[in-house]
Amino acid sequence: MTALLQARNLGVSFRYGSRTSQVVRDVSLDIPERSVFAVLGESGSGKTVLARTLIGLEPAGAEVRGSVEFSGRPTRPARPAARRKLLGREIGLVSQDPAASLDAMRTVGAQLAEVLRRHERLDRRARRDEAVRRLEQVHIRQPEQVVRKYPSELSGGMRQRVSIALALCGRPRLLVADEPSSALDAIVGARVVDLLDELRCTTGTSIVFVTHDIGVAARIAHEPQDRVAVMLHGRFVEHGPAAEVLTRPRHAYTACLLAGEPSAAIPRGELATVPRELRDADWGPPRQVADGHWVCEEAA
Ligand SMILES: Nc1ncnc2c1ncn2[C@@H]1O[C@H](COP(=O)(O)OP(=O)(O)O)[C@@H](O)[C@H]1O
Ligand SMILES: [Mg+2]
């Protein structure tokens, strides 16, 4: 079976003068249809750069090696138009800061209608009804009123729901959610995670879910086909079936993360309980230790 998204030996680096900084190192992954792939790592480990590179949106100046394919096609098609088409229709993006994906100057309804116009043949009236329906799908109450509001009139949780509705307009087969709950308080954030979990069942979309919070990773990656990757200094030091990685970790770093406060987030910056030698070790390429379960060992 071909994966929806496949990466092989993906590397991303940035050049600063004569120095090169490797931000993503030798990442290979397969994301099947209807699955969650959670990328778990401390701040600065390379999660955002990886997520964006996977969908052909790497930052300017990034040097990319290796390959990424979406449904068997490269995700970095040469022509910008082809890339836009892939991004709008087949891949949706939800970022940590919904303000960044929403237009402050236009109403929620106008923004939904514009994206819907690109994807569906609907007249004005039908687009308006469809915008309301899309808000209902993300459980926004009183959607008829919300379509007339500007983003600044909504709470953070509502704004994130609107940006999820926008990302789903083209009925994408893949949604990339980069810390979608991290800017929200715990309860509101948990509801957004549960919403994404529900939507992947109802819409059948796969989700790449980026988080620094092990509790959040466990909350979203709970189906047998779901996978978790633990990222450290740009490497997947461990990745495999969610149930295996989160309950029977094979890498010392993952074990450290799990041994930290069970429900707590990895704090901004570094996790105090991880010994320096573990963090700074020179981790070699991943080796398969069980079916679909990969672990890096220390380079000799
Ligand atoms: N556009 C860029 N140019 C240069 N370096 C970058 C750029 N974006 C990110 N980086 C560097 O890549 C590393 C990983 O960043 P990022 O992917 O944002 O981490 P995370 O999302 O895990 O917190 C950081 O050291 C960051 O400084
Ligand atoms: Mg990030």
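All values derive from a computational prediction rather than experimental measurement. (Residues numbered from 1 in each chain as written. Chains lettered and ligands numbered in written order. Predicted model: local features only at pLDDT ≥ 70, side-chain atom pairs only at ≥ 80, totals over all residues. Heavy atoms only, no water.)

1. A look at the pattern of salt bridges
Phase 1: Here the structure, examined in full by the defined rule, presents 21 salt bridges.
Phase 2: The partner of Arg171 in a salt bridge is Glu120, and the shortest N-O contact between them spans 3.3 Å. Taken together, the residues span a long stretch of sequence, with Arg171 in the loop between helix H7 (156-167) and strand E7 (174-178) and Glu120 in the loop between helix H4 (108-119) and helix H5 (124-137) at a distance of 51 residues.
Phase 3: The exposure class of Arg171 is exposed, given its relative accessible area of 52%.
Phase 4: Ionic pairing is found between Asp280 and Arg276, a salt bridge with its closest N-O pair at 3.1 Å.
Phase 5: Among the residues examined, Asp280 registers a relative accessible area of 47% and is labelled partly exposed.
Phase 6: For Arg276, a relative accessible area of 47% corresponds to the partly exposed category.
Phase 7: Members of the salt-bridge network, linked through shared partners, are Glu120, Glu130, Arg133, Arg134 and Arg171. (Salt bridge = Lys/Arg side-chain N within 4 Å of Asp/Glu carboxyl O. Helix = DSSP H or I, 4+ residues; strand = E, 2+ residues; numbered from the N terminus. Buried < 20%, exposed > 50% of the residue type's maximum accessible area, 1.4 Å probe, protein only.)

2. What to know about the side chain of His293
Phase 1: Among the secondary structure elements, His293 is positioned in strand E12 (residues 293-298).
Phase 2: A relative accessible area of 1% places His293 in the buried class.
Phase 3: Within the structure, His293 has its side chain in polar contact with the side chain of Glu238 (distance 2.6 Å).
Phase 4: Not counting residues up to four positions away in its chain, the partners in contact with His293 are Glu238, His239, Gly240, Pro241, Glu244, Val245, Arg248, Arg250, Arg287 and Gln288. (Polar contact = N/O pair within 3.5 Å; in protein donor to acceptor, adjacent residues only side chain to side chain. Contact = heavy atoms within 4.5 Å.)

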